[in-house]
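Structural overview
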Amino acid sequence: MNQLLPLIILIPFVVAIAMLFGGKLSKLTLDSFALIAILAVASFVKWLYLVRPFNTLLISHLGTTLILDGLSHLILVIANVLALFIIIYATAYAGKYANKERFYALFFMMLAGVNGVILTGNLLVLFIFLEIAALCAYALVAFGEEKAGIEAALKYFLIGEVASIAILLAFGLIYSITGTLNMAEAGHYLLTGSPQLKSFIIVLLISGFGMKAALFPFHAWLPDAHTAAPAPVSAMLSGVIIKALGIYALVRILFNIFGLTPPVAMVLTGLAVVSILIGGLLAIGQWDMKRLMAYSSISQVGYIILGLSLGTPLGILGGLFHLFNHAFMKGLLFLNAGVVERQTGSRDLRELGGLKEKMPFTAFTSLIGSLSISGVPPFNGFWSKLFIIVACVQVGNLWLAAAAVFGSILTMAAFLKIQKYAFFGQLKNKYKDLKEAPLAMNISLGTLALACLAVGLAFSLVIGFVINPAVVAVANGVGYSRMILGRF
Amino acid sequence: MNINFILPTLLLLVGLYGLVAKKDLVQIFFGLIVMEIGVEMFLVALGEKEGATISLGLAVAGLLALLIVKASEKFGNTDISKLRELKG
């Protein structure tokens, strides 16, 4: 089993290379090839749950160390399952671009990078995969080659590269203290070492990965990049990239290698609360549908970091569960906005209206997504936000709980705005001949909407199987390195 | 703190200045490259032996150059204060 782990990175990588030579093939061939490949990876990742006993590690030493524990497994499932739905959707959406094989090549290379970041146990390899994924993400944002796309990609590129430089500098400093780039060994040696240098490294890491995760005050790139990118890419950026490259890497290194100290936790909590409020407030003011969702992503990243930074088991559970839920509901919402834009040619809420008469299915899935992200029972977002708020009360900080509740109200207001202006109200004359989206898009929207409801109803099952192993891995803290070194 | 670390630090700061203070995309490009070289020199000074980050730097420079060329084609210049397609 351990020897099969590299496949999770290799399959998307090989598919990406193969796609580059597929320019002559028909679109149908490319689509089916992409679908089969992503289906294989996603089912393999899910199948690993059946063969991996609870809370055990899978380690592979083929070339480089790959480690699969509860946390990496959670993020891996999110990334690959969401990518599956996005590919299903993209078979219809990416049709409007001439060179589809390049879209798939970049997408799969990005997925290979993301899977590599999640699985690797070596800091330098993590950085390399992070750069691969980030470079593909920049290129995908500019994929439409429109003015807005190129401007957003440049902005994303410059901020992202400054983040990468900060991260690389931090890894270099870790190497200078410990003499190793292996995460587990570095964690072991970092238990000692000068506290000043360690604080400096942590500052570099929080700013670097904070930029990748779009945490306030490093969020400036996110609204532009998510708005200008093609819809499948926006969904992937918001659902997977900011989580895998930003939150996962930050949590892995801060919690498992350095160990979360109270001052660091306080800084993270502060940034998270400001993110929740700023993201929520700015979202309400937007008229561009995707831009509104992008600002809301900043707010939701705030929730995830807030839960995690509390450091209590319930807080970590809430944060990770919200990470899981947010990937699916924001993926659904971005794909939904893509459908609206594709069918009407506009994402400006002032120009839309009454779409639910002509596109009932799109309106229905959008409503489910909006209710989920606003935290209305029985949808999945309700439970994760509830856990985070209860965890805030549990640590005795009512202000945090109040901020989280207020942020939830802001989110609800923002998404009610989408419902009111886009889907309800009077249908405009120019939209008389509007049709529903193609079947492939609707399959993807419907399944994601169903997932939001199903996870909400069966939340205890999901927590037991998927979230709890990850909570154990995060709460284990610096015990991580002992656990892994014990296996050598 | 010996000479091996002073030069990378200087390069980092010079690059950061170029990145933050300049308005022309080409100047920003060189700011980023100088910063990257600073970090790479820092890693070499620390005794990091693997060359992977240096080849990544090439990919980064290539993609950024491509984006800048595309931007100058679409917008007609390379001044970032003129790139105002996105608002809000």
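What counts, and at which threshold
Residues numbered from 1 in each chain as written. Chains lettered and ligands numbered in written order. Predicted model: local features only at pLDDT ≥ 70, side-chain atom pairs only at ≥ 80, totals over all residues. Heavy atoms only, no water. Helix = DSSP H or I, 4+ residues; strand = E, 2+ residues; numbered from the N terminus. Contact = heavy atoms within 4.5 Å. Areas by Shrake-Rupley, 256 points an atom, 1.4 Å probe, with all protein chains shown as cover. Rg over C-alpha atoms; globule rule 2.2 N^0.38 Å. Buried < 20%, exposed > 50% of the residue type's maximum accessible area, 1.4 Å probe, protein only. Lys, Arg positive; Asp, Glu negative; His and termini not counted. Charge placed at Lys NZ, Arg CZ, Asp CG, Glu CD. Polar contact = N/O pair within 3.5 Å; in protein donor to acceptor, adjacent residues only side chain to side chain. Nonpolar A, V, L, I, M, F, W, Y, C, P; charged D, E, K, R; others polar. Salt bridge = Lys/Arg side-chain N within 4 Å of Asp/Glu carboxyl O. Expected span 1.5 Å × (residues − 1). pLDDT = per-residue confidence, 0-100. Phe/Tyr/Trp six-rings, centres within 6.5 Å; stacked < 30°, edge-to-face > 60°. Lys NZ or Arg CZ within 6 Å of the ring centre and 35° of its normal. Axes fitted to C-alpha atoms, helices over the stretch in contact; angles between N-to-C directions. Parallel < 35°, antiparallel > 145°, perpendicular 65-115°, else oblique. Left-handed = near helix turned anticlockwise from the far one by under 90°. 1 Å grid on protein atoms, 1.4 Å probe; cavity = no way out; pocket = protein on both sides within 12 Å on 5 of 7 lines; lining within 4 Å. Points joined across faces, edges and corners; volume = space filled by probe spheres on them.

Let us now look at the overall build of chain B. In terms of regular secondary structure, chain B is built from 3 helices and 0 strands. Reading the helices (α) and strands (β) of chain B from amino to carboxyl end gives α-α-α. Sequence-distant contacts, at least 24 apart, represent 57% of the contacts inside chain B between residues at least 6 apart. Working note: accessible area of chain B is about 4900 Å², and carbon and sulfur atoms make up 67% of it.

Before going further, it helps to spend a moment on the overall build of chain A. Counting its secondary structure elements, chain A contains 20 helices and 2 strands. The C-alpha radius of gyration computed for chain A amounts to 21 Å, which stays within 12% of the reference 23 Å derived for 488 residues, consistent with globular compactness. On the principal axes, the C-alpha backbone points of chain A span a range of 70 × 55 × 40 Å. The buried share of chain A, taken over its 488 residues, is 66%. In chain A, of all internal contacts separated by at least 6 residues, the share reaching a separation of at least 24 is 81%. With an accessible surface of roughly 15900 Å², chain A has 70% of that area assigned to carbon and sulfur atoms. Put simply, chain A has 30 plus and 17 minus side-chain charges, and the middle of one group is 5 Å from the middle of the other.

Looking now at the interface of chain B and chain A. Counting residues at the interface gives 33 residues for chain B and 32 residues for chain A. Where chain B meets chain A, there are 0 residue pairs in polar contact (both at pLDDT 80 or more). At the level of secondary structure, the elements contributing two or more residues to the side of chain B that touches chain A comprise helix 1 (3–21), helix 2 (25–46) and helix 3 (52–75) of chain B. It is helix 3 of chain B that provides the largest number of residues to the side of chain B that touches chain A, a total of 13 residues. Considered class by class, the residues forming the side of chain B that touches chain A number 22 nonpolar, 3 polar and 8 charged.

Right, let's talk about the pattern of salt bridges for a bit. Should the charged atoms of two oppositely charged side chains come close, the side chains can pair. Residues and elements named next belong to chain A. As enumerated under the stated definition, the model contains 7 salt bridges over all chains in all. Here Asp 224 and Lys 155 are joined by a salt bridge, their closest N and O atoms 2.6 Å apart. Remark: Lys 155 occurs in helix 6 (residues 147–178) and Asp 224 occurs in helix 9 (residues 221–228); sequence separation between them is 69 residues. Among the residues examined, Asp 224 registers a relative accessible area of 2% and is labelled buried. Here Arg 347 and Asp 288 are joined by a salt bridge, their closest N and O atoms 3.0 Å apart. Of the two residues, Arg 347 sits in the loop between helix 13 (313–344) and helix 14 (355–358) while Asp 288 sits in the loop between helix 11 (262–284) and helix 12 (289–310), which places them 59 residues apart along the sequence.

Between its terminal C-alpha atoms helix 8 (residues 195–213) of chain A stretches 26 Å, which fits the 27 Å expected from 19 residues at 1.5 Å a residue. Downstream of helix 8 of chain A by a residue or two, A:Ala214 has a phi angle that is positive, lying close to 60°.

Residues and elements named next belong to chain B. In the predicted model, chain B carries a mean pLDDT of 81, and 85% of its residues have values of at least 70. In the model of chain B, helix 3 stands out as the element of lowest mean pLDDT, 81, in contrast to helix 1, which has the highest, 87. Scoring the predicted complex yields pTM 0.92 and, for the interface, ipTM 0.90.

Another point: the packing of aromatic side chains. All names here are of chain A. In total, this model carries 18 aromatic pairs over all chains according to the counting rule given. Aromatic ring contacts, followed pair by pair, group Phe 321, Phe 324, Phe 328, Phe 382, Trp 383, Phe 387 and Phe 459 into a single cluster. The side chain of Lys 417 reaches across the aromatic face of Trp 287, ending 4.0 Å from its centre. A cation over an aromatic ring shows up here: Lys 420 above the ring of Tyr 421, its NZ or CZ 4.4 Å from the ring centre.

All names here are of chain A. Running from amino to carboxyl end, helix 11 crosses helix 12 at an angle of 155°, the nearest separation of the two axes being 7 Å. Taken together, helix 11 and helix 12 sit at an angle that is classed as roughly antiparallel. In terms of crossing hand, the pair formed by helix 11 and helix 12 is left-handed. Along the contact surface, helix 11 presents Ala 265, Leu 268, Thr 269, Ala 272, Val 273, Ser 275, Ile 276, Gly 279, Gly 280, Leu 282 and Ala 283, while helix 12 presents Leu 292, Tyr 295, Ser 296, Ile 298, Ser 299, Gly 302, Tyr 303, Ile 305, Leu 306 and Ser 309.

In this structure, the largest pocket occupies an estimated 510 Å³ of space. As for the largest pocket, its lining consists of 21 residues, of which A:Arg102, A:Leu106, A:Ala139, A:Phe143 and B:Leu66 are closest to the centre. Those elements that provide at least two residues to the lining of the largest pocket are helix 1 (7–20), helix 4 (100–119) and helix 5 (123–141) of chain A together with helix 3 of chain B. The volume enclosed by the second largest pocket comes to roughly 440 Å³. Taken together, 17 residues make up the lining of the second largest pocket; nearest its centre are A:Lys155, A:Leu158, A:Ile159, B:Ile28 and B:Ile80. Going through the elements one at a time, helix 6 of chain A together with helix 1 and helix 2 of chain B are the ones with two or more residues in the lining of the second largest pocket. The element contributing the most residues to the lining of the second largest pocket is helix 6 of chain A, with 6 residues.

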